[in-house]
Amino acid sequence: MQSGSITPILRIFNIEIAQTFYLDYLGFQLDWQHQFGDNFPLYLQVSKGDCVIHLSEHFGDASPHSAIRIYWQNLSLLHAELHAQNDKFAKPQIEKTDWETLELSISDPFSNRLIFWEDA
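Let us look at the structure shown here. All values derive from a computational prediction rather than experimental measurement.

1. So, the overall build of the protein chain
Helices and strands together make up the secondary structure of the protein chain, namely two helices and eight strands. When the elements of the protein chain are put in sequence order from the N terminus, they spell out β-α-β-β-β-β-α-β-β-β. Relative to its length of 120 residues, the protein chain is compact, with a C-alpha radius of gyration of 15 Å against a globular reference of 14 Å. Overall size of the protein chain, expressed as C-alpha extent along the three principal axes, is 45 × 40 × 25 Å. With 120 residues in all, the protein chain has 38% of them scored as buried.

This is how it looks when you write it as C-alpha cells:
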C-alpha cells in the first residue's frame, strides 16, 4: 500500500446480498472479515486488482447512498465481464462525459454508487 492511498468504507445491511453483488457479480475477492462475536455486525475487505473496498454493517461507519470514483484501466473489459452475466437488475453502460472521461456507473443493493472511470 502506498502512502496516501485511500480505502473507502461503504455501508451494507446484509452480508449475503453484499457478497452476491461484490464477489459474484463484480468479481471482487474476499480478503478478510472481522466480527467481534456472534450477533455482531460484520466488517470486511474486498478487492479486485489494486482496488480495495471495505464493507461495513456497523452503524455509523458510513452512510448509505455514498458514491466513489474508481479509476479502472480498460473499462471496456469490465463492461464486457458485467454484460456477459446478463444480470436481471443491472445493465451498466459506458458513457462519455463532457469532461472527456469514460464512466461506468452502478449502484450496489444498498444504494452506494460505484463509478468506474478512465480517460477517453
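There's more to say after this.
2. What to know about the sheet that holds strand β8 (residues 113-119)
Pairing is mixed in the open sheet, where four strands are placed in the order β5-β8-β7-β6. With partners counted over all chains shown, the strands left at the sheet margins are β5 (67-71) and β6 (94-96), one partner each. Taking the axes of each pair of neighbouring strands and ignoring which way they run, one obtains an average angle of 30° across the sheet.

3. Some remarks on the nonpolar core
Counting residues in hydrophobic clusters, the biggest one holds 27 residues, and the most contacted among them are Tyr22, Leu26, Ile53, Leu55, Ile70, Leu114 and Phe116. Mapped by element, the contributors of at least two residues to this core are α1 (15-25), β3 (43-48), β4 (51-56), β5, α2 (75-84), β7 (101-107) and β8. Considering every element that reaches this core, the biggest residue donor is α1, with five residues. Apart from the residues lying within four places of it in its own chain, the contact partners of leucine 55 are Leu10, Ile12, Tyr22, Leu42, Tyr43, Leu44 and Val46.

4. Observations concerning the pairing of β8
Here β5 pairs with β8 via five bridges, running parallel. The partner of arginine 69 across the bridge, within β8, is isoleucine 115. Two elements, β7 and β8, share seven bridges in a ladder whose sense is antiparallel. Looking across to β8, one finds that isoleucine 106 is bridged to leucine 114. Between β7 and β8, which pair antiparallel and follow one another directly, the connecting turn spans five residues, one of which, serine 111, has a positive phi of 70°.

Parameters and conventions
Residues numbered from 1 in each chain as written. Predicted model: local features only at pLDDT ≥ 70, side-chain atom pairs only at ≥ 80, totals over all residues. Heavy atoms only, no water. Helix = DSSP H or I, 4+ residues; strand = E, 2+ residues; numbered from the N terminus. Rg over C-alpha atoms; globule rule 2.2 N^0.38 Å. Buried < 20%, exposed > 50% of the residue type's maximum accessible area, 1.4 Å probe, protein only. Pairing = 2+ DSSP bridges. Axes fitted to C-alpha atoms, helices over the stretch in contact; angles between N-to-C directions. Core = buried A, V, L, I, M, F, W, Y, C linked by side-chain atoms within 4.5 Å. Contact = heavy atoms within 4.5 Å.

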